[in-house]
Amino acid sequence: MNPAKILNFGLKLLVPVLGSVVFLFPDVIYLKLRGMEIKFFIFSLASLIFPIIWTIYAKRKQYPHIIDAMITLPLVIDLAGNALGYYYYYWTWFDNITHFINPVIYGIVLYYLLSLIDQNKIVVWLAVIGIMAFGHVAWELFEYVTPFADKTIMNLSYEDTLSDLFMGVVGQFVVSIFIFFDPLKFYKREENREKVAN
C-alpha cells in the first residue's frame, strides 16, 4: 500500500481519537479549558472537507494523499498538544512551535493547490503569502473572540499575540524560500509523465 495513503488514513483516524480524550477523562481541567469538546466535532469535520471537495470537483485521477495528510497534520498537532497537556504545562515553547510549523505546512499545501490553477510562480507566491497572512491574523482574532475556551488558560495577552504573529511571519518566510526553489516542479514533471503513459 502507498505509504502516503497509510499516513493520511492514520492521521485522519487520530483526529477523533485524540479529540475523544476529553470525554474519556472529563475531570482533567486543561482539556475542558481548551475547548476540546467543540474541537472534537469541528476538527473531525474539518479533516473530511478536502477529500469531499477533491472527489466532487477534481478531474485528476491520482488523489494527493500527502497533501491531505499535511492538511490534517496541524489538527493532530493541536489535539495531541491539548490531550498531553503541552498547552497547559509547556505553553510558551509549544505554542511558538505550532505557530511556526502550521504556516509552513499550510503554505506548502496552498502552493501545491494554487500551482494546479496558475503556473505563474510569482502569482502563486503572492497568493500564498496573502492568504497565509490573512489566515494567521484571522486565527488570532478567532482565539480572542471564541466562546468555548478559557481566556486565562490560553494566555491571550498582547505579548502572546505578537509572539504568535512573529512566529507566523517566520513560517511564511520559510515558505517563500520553498516556493522560490520550486521543488514541486519535479513532481509536476513526474506527474505529467504518468499522464502521458496512461
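Attention in this report is confined to the structure presented alongside it. If you're wondering where the values come from, they're calculated on a predicted model, not measured in any experiment.

**As for helix 1 (residues 3-19)**
Spanning 17 residues, helix 1 covers 24 Å between terminal C-alpha atoms, matching the ideal 24 Å at 1.5 Å per step. Looking at helix 1, one finds that the buried residues are Ala4, Asn8, Leu11, Lys12, Val15, Leu18 and Gly19. What you see down the axis of helix 1 is that its buried residues fit within an arc of 145°, all on one side. Among the exposed residues of helix 1, those pointing more than 90 degrees away from its buried face are Pro3 and Leu13. Of the surrounding elements, those touching the buried residues of helix 1 are helix 2 (21-24), helix 4 (36-57) and helix 5 (65-83). Where helix 1 begins, one side-chain oxygen reaches toward the backbone nitrogen of Ala4, 3.0 Å away; that side chain belongs to Asn2.

**Points about the packing of helix 1 against helix 4**
Two measures define how a pair of helices packs: the angle their axes make with one another and the distance between the axes. The interhelical angle for the contact between helix 1 and helix 4, taken along N-to-C directions, is 170°, at an axis separation of 8 Å. As the angle between them shows, helix 1 and helix 4 are arranged roughly antiparallel. On the side of helix 1, the interface is formed by Lys12, Val15, Pro16, Leu18 and Gly19, while helix 4 contributes Met36, Phe40, Phe43, Ser44, Ser47 and Pro51.

**With respect to the nonpolar core**
By size, the foremost hydrophobic cluster in this structure holds 18 residues, and its most contacted members are Ile67, Met70 and Val128. Of all the secondary-structure elements, those providing two or more residues to this core are helix 4, helix 5, helix 7 (91-115), helix 8 (121-145) and helix 9 (158-181). Here Ile67 is in contact with Phe50, Val109 and Tyr112, once residues within four sequence places are set aside. Within the second largest apolar cluster, 15 residues are counted, among which are Leu18, Met36, Ala69 and Val76.

**Topic: the pattern of salt bridges**
It is possible for side chains of opposite charge to pair when their charged atoms get near one another. Considering all chains together, one arrives at 2 salt bridges under this definition. The salt bridge involving Asp78 is made with Lys39; its shortest N-O contact spans 2.9 Å. You can see Asp78 sitting in helix 5 and its partner Lys39 sitting in helix 4, a full 39 residues away along the chain. A single burial state applies to Asp78 and to Lys39, both of which are buried.

**Some words on the side chain of Asn8**
Mapping Asn8 onto the fold places it in helix 1. Of the polar contacts made by the side chain of Asn8, one reaches the side chain of His65; its length is 3.2 Å. Once residues lying within four places of it in the same chain are set aside, the contact partners of Asn8 are Tyr63, His65, Asp68, Ala69 and Thr72.

**A few points about the packing of aromatic side chains**
Per the counting criterion, the structure on display carries 11 aromatic pairs. When the centroid spacing of 4.9 Å and the interplanar angle of 80° are considered together, the rings of Phe40 and Phe41 count as edge-to-face. When its relative accessible area of 19% is taken as the criterion, Phe40 is described as buried. Geometrically, the ring pair formed by Tyr86 and Phe94 is edge-to-face, given 5.4 Å between the ring centres and 85° between the ring planes. Overall, Phe94 belongs to the buried group, its relative accessible area being 10%. Chaining the aromatic ring pairs together yields one cluster made of Phe23, Phe40 and Phe41.

Reading the values: rules and limits
Residues numbered from 1 in each chain as written. Predicted model: local features only at pLDDT ≥ 70, side-chain atom pairs only at ≥ 80, totals over all residues. Heavy atoms only, no water. Helix = DSSP H or I, 4+ residues; strand = E, 2+ residues; numbered from the N terminus. Expected span 1.5 Å × (residues − 1). Buried < 20%, exposed > 50% of the residue type's maximum accessible area, 1.4 Å probe, protein only. Arc of directions from axis to C-beta. Contact = heavy atoms within 4.5 Å. Polar contact = N/O pair within 3.5 Å; in protein donor to acceptor, adjacent residues only side chain to side chain. Axes fitted to C-alpha atoms, helices over the stretch in contact; angles between N-to-C directions. Parallel < 35°, antiparallel > 145°, perpendicular 65-115°, else oblique. Core = buried A, V, L, I, M, F, W, Y, C linked by side-chain atoms within 4.5 Å. Salt bridge = Lys/Arg side-chain N within 4 Å of Asp/Glu carboxyl O. Phe/Tyr/Trp six-rings, centres within 6.5 Å; stacked < 30°, edge-to-face > 60°.

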